[in-house]
Amino acid sequence: MKTILVAGGAGFIGSHLCEELLKLGHRVFAIDNLLTGKRENIEHLFQNPKFSWIEQDVRVPVYMNVPCDQIYNLASPASPVDFEKMPVTILQTGSKGHQNLLDWARANKARILLASTSEVYGDPLVHPQTEDYFGNVNSFGPRSCYDESKRYAEALSLAHKMEFGVEIRIARIFNTYGPRMRPEDGRVIPNFFSQALKGQPLTIYGTGNQTRSLCYVSDQVQGLISLMESSVDTPVNIGNPAEIKIIDLAKTISEVCGQKFQHEFKPLPKNDPQQRRPDITKAKSLLKWEPAIDLHEGLKRTLAFFKSRS
Ligand SMILES: NC(=O)c1ccc[n+]([C@@H]2O[C@H](COP(=O)([O-])OP(=O)(O)OC[C@H]3O[C@@H](n4cnc5c(N)ncnc54)[C@H](O)[C@@H]3O)[C@@H](O)[C@H]2O)c1
């Protein structure tokens, strides 16, 4: 049994990760300031004696009265609606917040995994994206607070490995979806389901020919755990390489809901990436990991969640 700290543990992916780590028999501490996460995401874990919950902002130095073996840092607002509302908070969370967690990892000789993002590739000119691609990123645009916070956090992790020997892991997470996403999150799946359940037209930005690759949350969690447990201390893409056009995703949402929805077209937001698909050769060969849940199945499970909340 390991003692594991999950920063951002009350969020969408973080809460599923806490659940899985508890199932594996670990002692889990979740830290979260509930900025974009919800207490109800983890309330069902409160009766588990191996689970503890700390309401705290990671921008404040982290201290626990028990030593820990591993830290997962998932603390960061992650949706485009947040980029506009709280860009300074996002940059501080990726810089000061990650620094505090690296300090705690160093003090405990713990291994620390950063939840980085496919956004480090920006609007990629290389397709699919491999980990050695440096990206096509705008440092002065609407998404730059998020993209640059994660790029800085990756560099800060590497610096701590080089200077202090901290054991680091970097997961470059590609679009992940599933139960517990916020309906008002602004990302494509919650947008479509929220509109579908209200019987509204599905909003498509641009022509809908832009692509996304969507990974179901249980696959993402397995990927993160595999990376943490591996010896790989360089960035690894964790996502589902099955690529779909947004317009086709809208059609699939109609199929899963068993109802045909109209489409409403709106202008494409600035710097919205045109193509996203992870090359997961590295994860497959070094972690022996690949996604198992196909889009239809993942969407059915996600629909059940959104229905239960509507
Ligand atoms: N979901 C995706 O498709 C995706 C893609 C790429 C990267 N990621 C990364 O994965 C992580 C989790 O994303 P998510 O989709 O679950 O988002 P989320 O917003 O549901 O989870 C983030 C959690 O971090 C918490 N948090 C934010 N700032 C904090 C702070 N300063 N101190 C403490 N807690 C803080 C939030 O309250 C929330 O619970 C994020 O770091 C995100 O950048 C997610």
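Report on the accompanying structure. As the structure is a computational prediction, the values presented were derived from the model and not from experiment. (Residues numbered from 1 in each chain as written. Predicted model: local features only at pLDDT ≥ 70, side-chain atom pairs only at ≥ 80, totals over all residues. Heavy atoms only, no water.)

### Looking at the pattern of salt bridges
Alright, step 1. What the rule picks out here adds up to 21 salt bridges.
Alright, step 2. With a closest N to O distance of 2.5 Å, E19 and R180 form a salt bridge. One end of the pair, E19, is in helix 1 (residues 12–23); the other, R180, is in the loop between strand 7 (176–177) and helix 5 (188–197), with 161 residues separating them in the sequence.
Alright, step 3. Of the residues examined, R180 reaches a relative accessible area of 16% and is grouped as buried.
Alright, step 4. E40 serves as the salt-bridge partner of R309, at 2.7 Å between the closest nitrogen and oxygen. Taken together, the residues span a long stretch of sequence, with R309 in helix 9 (residues 295–309) and E40 in the loop between strand 2 (27–32) and strand 3 (51–55) at a distance of 269 residues. (Salt bridge = Lys/Arg side-chain N within 4 Å of Asp/Glu carboxyl O. Helix = DSSP H or I, 4+ residues; strand = E, 2+ residues; numbered from the N terminus. Buried < 20%, exposed > 50% of the residue type's maximum accessible area, 1.4 Å probe, protein only.)

### Digging into helix 7 (residues 246–257)
Alright, step 1. The end-to-end C-alpha distance of helix 7 is 16 Å, a good match for the 16 Å that 12 residues give at a rise of 1.5 Å each.
Alright, step 2. Along helix 7, the positions that sit buried rather than exposed are I246, I247, L249, A250, T252, I253, S254 and V256.
Alright, step 3. At the exit of helix 7 stands G258, carrying a positive phi of roughly 70 degrees. (Expected span 1.5 Å × (residues − 1).)

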